[in-house]
Structure formats: C-alpha cells, structure tokens
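# Breakdown of the fold
For reference, the chains in residue letters:
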Amino acid sequence: MFNKDFLINIIKIIIFALLQVFVFNHINFLGSYQPYIYIVFILFYPPYQNKYALLILAFLLGLMIDIFEYTGGIHAFALTLIAFIRNPIIKLLAGKQEYEMEFFTFHSLSFAQWIFYLSILTCLHHLILLTLENFKLEGITPTLLRALINSGITLVFVFIYKILFKNKVGI
Amino acid sequence: MLLIFLFLELIALFLVFKKNIYHETILASASTSFTGYVNGKIAKVTNYINLPSVNHDLMDENAFLREQLVHLGIKDAKTKKFYTTDSLGGKQTYSFIPSEIVNNSITKTQNLLTINKGTNDGIEKGDGIITNNGVIGIVTFAGKNYSRAISLLNKDISINARIKGNKYFGTIKWDGKDPRFVQLLEIPKYISVKKGDTIETDGKSPVFPEGITIGKVVSKGIDATGELTIQVKLKQDFGNLSHGYIVTNLNKAEIKSVEKSDTITNRQNVQ
C-alpha cells in the first residue's frame, strides 16, 4: 500500500489542496457559487490502484482543505464518503464483479455512463458538504439548490480537466 | 474496508463538532501564517487591478476626515498648537490600525477573512474590523503576523446596531442567503422604520465605536416567528474588500473586568 503510487498520490493531493485553497476559492460565480475542484482526484483515481489507500488519501485531502479553511471536518467527511461509494458505483454502472475491477479502466465506460458517474458523485459530495456546513434542516431547499448549481460549476471544471489531461485519465 | 471508512468518518465528524480544536492547536497558527503569506503575495498582484477604486475610496475618506478636522476647529494660528474642543477631556478610547485584507470569501454560510496584521502589531482576539464603508468582521484568531477574522457574512456573528434617526437598537445577523444583505433583528414592532434609513453601530459593545455605518434599510417584514425582520443593504461590497482598519478598544480589559464583577450575579452566587 505504501509504495511509489502512494507517494505520487500524496504529492498530487497536496497540489490539489493548494490549487483549491489559493486559486479556486477565489473564483465565484454570481457572488455565491464556487467550484470545488479537488474532488477530481477521487473521480479520476485509477480503479486498479489500492482502494484502502484511496480512503486514506481522500481523508487527508479533505483534512488539508479543512485546516486551511477552518471548516472543522466537513470536507474530510464528504470526500471520504465519496471515496467509499465510488467503487460500488463503478461496479454498478459497468456491471463488473469485484475481481474484474483490477483490470478495469475508464475507457470501458460509455459517454453516458461517464457523465452519470461524474454527476452523481459530484452532486452527492456537494450536497453532503453544504448540508454539513449549514447544519440545519430549515434551509434545506436553498441548500439543495446551491448544491446543484455548485455541482454544475464544478462539473464544468472537471470536464476542462478531462480535456486537458486526456491521455492520462482515460476515455 | 468498512472499518477504515467508519473510523475516518468518525474522526471527521468529531472534527465537525469540535471545530474550535483548530484554534487550540499549533495547526491554527501554522495554517494562518502560511495561507496569510501566500494570499498576501497573491493580493499584492490583484490589488493593482483595484487601485483606481481604492484610490477613490481613500480620497473620499480624506475629504471626510478633513471636514471633521475643520469642525473640531483645531490648530491655533498664534501658537501653532493643536487643541481639542472635546468636553470629555479627549481621552482616546479606540486605536485604528490600517491593514490589508489578504483573503476573503463570500460564497459560504460561514465566511472568514485573513488580515496581514497580528499580535506583533497589537492585534488581539475580539478586535473589530471596519472599512470606510462600514463594519467588516471581528478577529477570532491572532497569529504573529497574520490574523483570522469572522466576516459579517457569517451565520455565527451578531453585532449590536441601531437605527440612526431614533436610536432604537437591535442585532445584526446574516441569514446566509445573499452576500449583499444582512438582517436587523430584535427591533420592537411598533417602531416606524422607513426604507432608506441608515443602520449604524451602537457602541454598546466594546468592539466597535459608536456610529459606524453598516447599511441602509431596503425592506421589512414579519418572519415566521412573528418578529420584525429588517433587510439591510450593506454599504460595503464584500466581493471587493482590499483594505480595512482594525479597531482596538484601549479600555477593553477594564470593561471586561467591570462586567465580570457584576453585583447582581455576585449576590445570586452568595445565596
């Protein structure tokens, strides 16, 4: 588990955290919507790499954002959850068994499956994040709306990332 | 797999509820000084873009201060000495420390600010932050060279405020919806509040001096709990903050010690 891949991923999450804190936190649309691009790391984490490492990396990445933003543990919570349900969702979408996951690449997903995979994880992440941030049920409708709009903005950046790093990411 | 997952989630939840744990650890000062430093560098570049509007604001403020100087009637022509006409003896209560706001957010429901002044410059936890357009926030953590502050656009903040004309006071809070508006609560329902009335600080808390503008009334209504809620449009555009002043109350320690030795509560303790 603690091999070369793990070290490279550690460097990756540090870069993602710094990008988020210093660049993307300063971007906001219409005054109150902002992208959370660091989930790209979870979305594009190769399925053949260690899944236990993914959980720990997701937690560390979330924790880094939390420390910088003074948000307690909401980013860590949301990211770890996404990392946990990521593989089951891939399995469900692509119809794979556990033993097939080792040879699975994102190439084998169709475009529609791919969009669905990105959207559902992004929306879920934003929903958990914003609900925890609010921590009240009274404002659930505006929170839902904000989560959806925020997810849309994040997805735009995810697609830009996908186009920029086409060969590495797959599809 | 499941065990690791649950373990990590439990730690995360613990951190969510124990949010203040960051303030107590070394992480707070480390992350504040690091983000402060990098954001300061970024702000140095981006501030050039805002220079025209910053200059304009400063000129406005200069003009205003000059006007006040004239009203005070200072500087004797013969002795060339300044003197005050303040009947209270002219004792200084507040000191203003100019500062740059190096980091700021408006998209969350709990927004924070970073300023490039810290304990080395005399900043303490609990100091207020203002600009020439009004109240901005309150310092929550003071590092050596940088400090963190809670923005007025934060659900956890509440500030004493009053209506300029009739001096009735209430509490300013933010509902987390629109970063251009805050809400004035706890004003009695029989008070007549008109659209366009100025809302300013009250001076009842030692954090902010009296009479600092917050914004103007745009509408009022009765909320679900039957209380009067007044929508206040902020004079300061929070999306465009670059400079401000940290307000330190020089008598803060004394006020605190006086409030601690409250006779009523003491008597209750005795009984």
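Starting from 1, residues in each chain are numbered consecutively following that chain's sequence as written. Each chain gets a letter, beginning with A, and each ligand a number, beginning with 1, in the order they are written. Only residues with pLDDT of at least 70 are given local features in this predicted model, and only at 80 or more are side-chain atom pairs given and counted; all residues enter the totals for whole chains, interfaces and linings.

## Digging into the overall build of chain A
Counting secondary structure elements, chain A contains seven helices and zero strands. Under the scheme used here, helices are H or I runs from DSSP no shorter than 4 residues and strands are E runs no shorter than 2 residues, and both carry numbers assigned from the N terminus. In sequence order, chain A lays out its α and β elements as α-α-α-α-α-α-α. Backbone-placed C-beta atoms define the burial measure: a residue is buried with 20 or more other C-beta atoms within 10 Å of its own, exposed with 12 or fewer, and partly exposed in between. Taken across its 171 residues, chain A has 39% of its residues classed as buried. The contact criterion used is a C-beta to C-beta distance within 7 Å, with each C-beta placed from the backbone. Partitioning the intrachain contacts of chain A with sequence separation of at least 6 by distance along the chain shows that 66% fall at a separation of at least 24.

## As for the overall build of chain B
Each helix and strand counted, chain B has five helices and twelve strands in total. A total of 271 residues make up chain B; the buried ones form 31% of that total. Counting only contacts in chain B whose residues sit at least 6 apart along the sequence, the fraction spanning at least 24 positions is 57%.

## So, the sheet that holds strand E7 (residues 169–173) of chain B
Hydrogen bonds between backbone atoms are what pair the strands of a sheet, whose relative direction is either parallel or antiparallel. Residue and element names in this part refer to chain B. Around the barrel, six strands lie side by side as E6-E7-E8-E11-E10-E9; this closed barrel has antiparallel pairing. Averaged over all pairs of adjacent strands, the angle between strand axes in this sheet comes to 45°, irrespective of strand direction. In this sheet, E7 lies alongside strand E6 (residues 159–163) in antiparallel orientation, the contact comprising four bridges. Across the sheet, Arg 162 pairs through a bridge with Phe 169, a residue of E7. Two strands qualify as a pair provided DSSP detects at least 2 bridges between them. Axis lines are fitted to C-alpha atoms, over the contacting stretch for helices. Their N-to-C directions set the angle, which ranges from 0 to 180 degrees.

## Considerations on the interface of chain A and chain B
The interface of chain A with chain B comprises 28 residues on the first partner and 28 residues on the second. Per element, the largest residue contribution to the side of chain A that touches chain B is seven residues, and it comes from helix H3 (residues 51–69) of chain A.

## A short note on unusual backbone geometry
All names here are of chain B. For Lys 167, which is not glycine, the phi dihedral falls at a positive 65°. Assessed through the 9 C-beta atoms surrounding it within 10 Å, Lys 167 is described here as exposed. One non-glycine residue with positive phi stands out, namely Glu 186, at about 65°. Among the structural elements, Glu 186 can be located in the loop between strand E8 (181–185) and strand E9 (198–201). Among the residues examined, Glu 186 registers 16 C-beta atoms within 10 Å and is labelled partly exposed.

## Here's the deal with the packing of helix H4 (residues 74–94) of chain A against helix H1 (residues 2–17) of chain B
When two helices pack together, their arrangement is captured by the angle between the axes and the distance separating the axes. Following both chains from N to C, one finds H4 of chain A and H1 of chain B inclined at 160°, their axes separated by 8 Å at the closest point. Classified by the angle their axes make, H4 of chain A and H1 of chain B are roughly antiparallel. Between H4 of chain A and H1 of chain B lies a crossing whose hand is left-handed. Only Phe 5, Leu 8, Glu 9, Ala 12, Leu 13, Leu 15 and Val 16 of chain B of H1 of chain B make contact with H4 of chain A, whose side of the interface consists of Ile 74, Ala 76, Phe 77, Thr 80, Leu 81 and Phe 84 of chain A. Taken together, the residues of the contact of H4 of chain A with H1 of chain B break down into eleven nonpolar, one polar and one charged. Should an angle fall under 35 degrees it is taken as roughly parallel, and over 145 as roughly antiparallel, whereas 65 to 115 is taken as roughly perpendicular and any remaining angle as oblique. Crossings are classed by handedness, with left-handed meaning an anticlockwise turn of the near helix from the far one by less than a right angle and right-handed meaning a clockwise turn. Each residue is assigned to one of three groups, with Ala, Val, Leu, Ile, Met, Phe, Trp, Tyr, Cys and Pro labelled nonpolar, Asp, Glu, Lys and Arg labelled charged, and all others, Gly among them, labelled polar.

## Quick word on the pairing of E6 of chain B
Residues and elements named next belong to chain B. Taking burial as the measure, the five residues of E6 include four buried ones, the bulk of the element. Where E6 lies against E9, three bridges are found, and the strand directions are antiparallel. Bridged to Arg 162 within E9 is Glu 200.

## Overview of the confidence of the model for chain B
The predicted structure's coordinates, where accompanied by low pLDDT, should not be read in detail. Residue and element names in this part refer to chain B. The predictor reports its confidence for every residue as pLDDT, a score running from 0 up to 100. For chain B, per-residue confidence averages 80 on the pLDDT scale, and 83% of positions sit at 70 or higher. Segment residues 267–271: pLDDT under 50, and zero contacts once partners within four positions in sequence are set aside and those in other chains are kept. Scored as a complex, the prediction yields pTM 0.69 and ipTM 0.76.

## Some words on the environment of Lys 125 of chain B
Residue and element names in this part refer to chain B. For Lys 125, the position within the fold is in the loop between strand E2 (110–115) and strand E3 (128–131). A tally of 14 C-beta atoms within 10 Å means that Lys 125 is categorised as partly exposed. Lys 125 sits 17 residues away from Ala 142 along the chain, and the two C-alpha atoms are 5.8 Å apart.

## Structural notes on the sheet that holds strand E4 (residues 134–142) of chain B
Residue and element names in this part refer to chain B. In space, the six strands of this closed barrel follow the order E1-E2-E5-E4-E3-E12, with antiparallel pairing throughout. Along the sheet, successive strands turn relative to each other by an average axial angle of 45°, direction set aside. Across four bridges, the pairing between E3 and E4 is antiparallel. When the bridges of E4 are listed, Gly 128 appears paired with Ile 138.

## Side note on the pairing of strand E1 (residues 94–104) of chain B
Residue and element names in this part refer to chain B. By the bridge criterion, seven bridges tie E1 to strand E12 (residues 243–249) in an arrangement that is antiparallel. Among the inter-strand pairings, Ile 97 is bridged to a residue of E12, identified as Ile 246. Inspection of the sheet shows E1 paired to E2 by three bridges, in the antiparallel sense. What sits directly across from Asn 103, in E2, is Thr 114.

## Some points on the environment of Lys 195 of chain B
All names here are of chain B. With respect to the helices and strands, the residue Lys 195 is situated in the loop between E8 and E9. We classify Lys 195 as exposed; it has 11 C-beta atoms within 10 Å. Spatially, the C-alpha atom of Lys 195 lies 9.6 Å from that of Ile 230, the residues being 35 residues apart in sequence. Dropping the residues within four chain positions of it, Lys 195 is found in contact with Val 217, Val 218 and Ser 219.

## Overview of helix H1 (residues 4–22) of chain A
Residue and element names in this part refer to chain A. A helix's residues, less one, multiplied by 1.5 Å, set its expected span. Between its terminal C-alpha atoms H1 stretches 27 Å, which fits the 27 Å expected from 19 residues at 1.5 Å a residue. Every buried residue of H1 is listed here: Asn 9, Ile 13, Phe 16, Ala 17, Gln 20 and Val 21. The buried side chains of H1 occupy one side of the element, clustering within an arc of 120° when seen end-on. Exposed residues pointing more than 90 degrees away from the buried face of H1 are listed as Lys 4, Leu 7, Ile 8, Ile 11 and Ile 15. Of all possible arcs, the one meant is that of the directions from the helix axis to the C-beta atoms.

## Brief notes about the packing of helix H5 (residues 111–134) of chain A against helix H6 (residues 140–164) of chain A
All names here are of chain A. Running from N to C, H5 and H6 cross one another at 135°; their axes reach a closest spacing of 8 Å. Put simply, H5 runs oblique to H6. For the pair H5 and H6, the sense of crossing is right-handed. Facing Leu 118, Ser 119, Thr 122, Cys 123, His 126, Leu 127, Leu 130, Thr 131 and Asn 134 of H5, the residues of H6 in contact are Thr 143, Arg 146, Ala 147, Leu 148, Asn 150, Ser 151, Thr 154, Leu 155 and Val 158. The residue makeup of the contact of H5 with H6, split by class, is eight nonpolar, nine polar and one charged.

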